[in-house]
Amino acid sequence: MLLSEQTYSGFLFLAPWLVFAPVVGLLVNIIFGGRLSEKAIGWLASAASGASFVVSVLLAMTVAGNHGEVLRWRLAEWMSVGSLTIDWTFRVDSLSTTMMLVVSGVGTLIHIYAIGYMHEDVRFKNDVGRFRRFFVFLNLFIAMMMILVSGDSYMMLFVGWEGVGLCSFLLIGFWYEMDTLARPSWANSNAAKKAFITNRVGDFGFLIAGFLMFWYLGSFQFDSVFEAAKAAPPGIIVAITLFMLVGVAGKSAQIPLYVWLPDAMAGPTPVSALIHAATMVTAGVYLITRSAPLYTLVPQAQYIVAMTGAVTALFAATIAVGQYDIKKVLAYSTISQLGFMVAAVGMGAFVAGMFHLVTHAFFKALLFLSAGSVILGLERGHHHLAHHEHKKESDDSRRRRSRETLRQAQDSASDSKDHHEEVFDPGDMRNMGGLRKTMPVTFWLYIIGTLALAGIFPFAGFWSKDEILADAFTEGFGAVYWLLTIAAFFTAFYMGRQIWMVFFGEARHEAAAHAEESKPIITVPLMVLALLSVVGGALNLPGLHTLTEWLEHTIEVHAGEFVMSVALISTGLALLAIFISWLLYGRNPLKAGQPDPLKKPLGFIFTGMENKWFVDEAYWAVFVDRYVDISRFLADVIDWRFWHDWFHDKVIAGTYNWLSNIALNDYADQRGIDAFANALGKWTQSLSAAMRKVQNGFVRSYALSVLLGVVLILGYLLLK
């Protein structure tokens, strides 16, 4: 049979393998991984994710062969309660297959990269046995994300939604007992808990939206919900969509629930790339796009979504300017770019939002993985430096030190009290500099990702970002347009700042001077992502609108216009921002120990950027400390003083003691039972005393008694 004929008749039967393939991969690694080498474990997991990508390609071909028709594959009945029946059904349409391709395609590249990265990371952390566990979690993440994007109902989507939340907890806290520098610490564990709890706050909103949906619309299946919504009261649809936005704010890191995402950097770099680029954080954007028929019914909810995204984009971009950790800069950049996407889908520009989601997956995965390559390069340089210094110590010098006098040893011990061993952070950009010479491949790949993120023509980010700006400009969202335009300016600035600090100037640490380029297992996936970051804009070029025509089979969309003035303004601002960053950081590169050039002129503003505008501290003061206070109040006052000391000791124990000692013992027992028994005894004694007088032992008394008896008997007989 010809491939075209097979495609038209359908590869739909392969839909369950979107999930089964990564699940099989993780099960094989769990059961047999102990006997496999690291390479076998890594490539098996990568093949499982790759198989999911192949299935995604075949399903996309099936949708295309059926002219974009929505296809479904029912696996089984999931639950049936009263009139509600929910099937476990895979939905295959142009929107879901777009997400499938991004998740599995970029995810597979991250899997391959992780083989090389985790080989070094588990040795740096001195726990080689954890290599297999990492790839089990990574496969589970892909499986859960595939459930999320392929479900035919909000409940099936919610299963994947919660699944990726669990996986993020497992992966962010992967090194739960140590920090990123392999020191004993609960920092990573706390970061994982922060992500988990913050997302549960968002999920509360999603659940409320689901309850309202079932109560008023009577279903969770997408098409049934959308049809019923047309006749529902607008207030109900507003409530559903806004509660859904709460869930989006948690999962896609929007104000006010974005605070977990920067701390997610605690996980290994492949985790950062997977979460921040192609999977979990894009789930919220997908949810709004999937729910487009609901949002288009309530323009007021759309405006709130758009403004939430725009404010988040600018707010996060300002924080990125003041960060020094190479991955933290990219983390706040992700929050900002997610703001662009949320603003787009909020405005009804669903194609622009999805377009930016796809291109962002390419260049942000490239940047995160390249940052991981930089970190590994510095770790190798630091290891080389330590090894070299150790070798420089000659046997003679060691023998001389061993013959030092006791006084010298004591002086040295005394001096060492004030000495603190240097803690080298390979992710701190202040320890970098000059890496374009020692890591040229990573440098050029990083440049490509930076230009794409900054929106420089002709890279992918230029086309997707400008389509969002053009939609905001032409659709009358003036406030959204200017907020996003300013955010785009900051984006180009902080990425230029990062490039100058990391790759230019002289090395500010010996580790940077001795950094080593990464191996092909790491750089080759980066090259593929770099290529996609260059040509990815072709997915929806003006005039062609390929992605627009693809998505219009599933959702109601409009073709975005290319506005030359918008493109020129955004590009001009981006180039200006890069030039300003060169004036500050490139023309006179930072020296070791030199403060940031922005610190003095901006003063407290830069301090706010450095400290993330103190939002975490505010949350801690308003929520965490108050939660601790309430917990202590409940534990000390309610539980101990009230419940234990008063209720338990006084009410329960006191009442028992009163009943037993006073009521039962004193009254019932002593004054009641004992008194009655004692009265019987006294009466018996009295009777005995009286009877004792009769039995006195005198014969005359007994004779008198007999006489009285005879008289009584005779008297009775005579009277009768």
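Enquirer: How should I be thinking about the pairing of strand 1 (residues 71-81) in this particular structure?
Expert: For a regular strand, side chains alternate in direction, first toward one face of the sheet and then toward the other. Bridge count for strand 1 against strand 2 (residues 84-92) is 9 bridges, and the pairing is antiparallel. What sits directly across from Leu71, in strand 2, is Val92. With antiparallel pairing between neighbouring strands as the criterion, strand 1 and strand 2 make up a hairpin whose turn holds 2 residues, including Gly82 at a positive phi of roughly 60 degrees.

Enquirer: What exactly am I supposed to notice about the domain arrangement of the protein here?
Expert: By a frequent convention, interface size equals the accessible area lost on bringing the separate parts together. Split by domain assignment, the protein resolves into domain 1 (363-387 + 427-610) and domain 2 (619-685). Computed from C-alpha coordinates alone, the two centres of domain 1 and domain 2 are separated by 69 Å.

Enquirer: What's the story with the packing of helix 5 (residues 130-150) against helix 6 (residues 154-172) in this structure? I'm lost.
Expert: When two helices pack together, their arrangement is given by the angle between their axes and by how far apart the axes lie. Packing of helix 5 against helix 6 leaves a shortest axis separation of 7 Å and a crossing angle of 160 degrees. In terms of orientation, helix 5 and helix 6 fall into the roughly antiparallel class. Crossing geometry of helix 5 relative to helix 6 is assigned as left-handed. The residues of helix 6 that touch helix 5, namely those facing Phe134, Phe137, Leu138, Leu140, Phe141, Met144, Met145, Ile147, Leu148 and Ser150, are Met156, Leu157, Val159, Gly160, Trp161, Gly163, Val164, Cys167, Ser168, Leu170 and Leu171.

Enquirer: What is the right way to read the packing of aromatic side chains from this model?
Expert: Within a pair of aromatic rings, the relevant descriptors are the distance that separates the centres and the angle that separates the planes. In this structure the tally under the stated criterion is 34 aromatic pairs. An angle of 75 degrees between the planes, with centres 5.7 Å apart, marks the rings of Phe443 and Phe504 as edge-to-face. A residue pair is termed long-range when its members are at least 10 positions apart, and Phe443 in helix 20 (residues 440-454) and Phe504 in the loop between helix 22 (478-503) and helix 23 (510-513) qualify at 61 residues. Looking at Phe443, the relative accessible area reads 6%, which means it is buried. Taking the ring centre of Phe196 as reference, the NZ or CZ of Arg200 above it sits at 4.4 Å.

How each quantity is defined
- Residues numbered from 1 in each chain as written.
- Predicted model: local features only at pLDDT ≥ 70, side-chain atom pairs only at ≥ 80, totals over all residues.
- Heavy atoms only, no water.
- Pairing = 2+ DSSP bridges.
- Helix = DSSP H or I, 4+ residues; strand = E, 2+ residues; numbered from the N terminus.
- Domains from an automatic or database assignment.
- Axes fitted to C-alpha atoms, helices over the stretch in contact; angles between N-to-C directions.
- Parallel < 35°, antiparallel > 145°, perpendicular 65-115°, else oblique.
- Left-handed = near helix turned anticlockwise from the far one by under 90°.
- Contact = heavy atoms within 4.5 Å.
- Phe/Tyr/Trp six-rings, centres within 6.5 Å; stacked < 30°, edge-to-face > 60°.
- Buried < 20%, exposed > 50% of the residue type's maximum accessible area, 1.4 Å probe, protein only.
- Lys NZ or Arg CZ within 6 Å of the ring centre and 35° of its normal.

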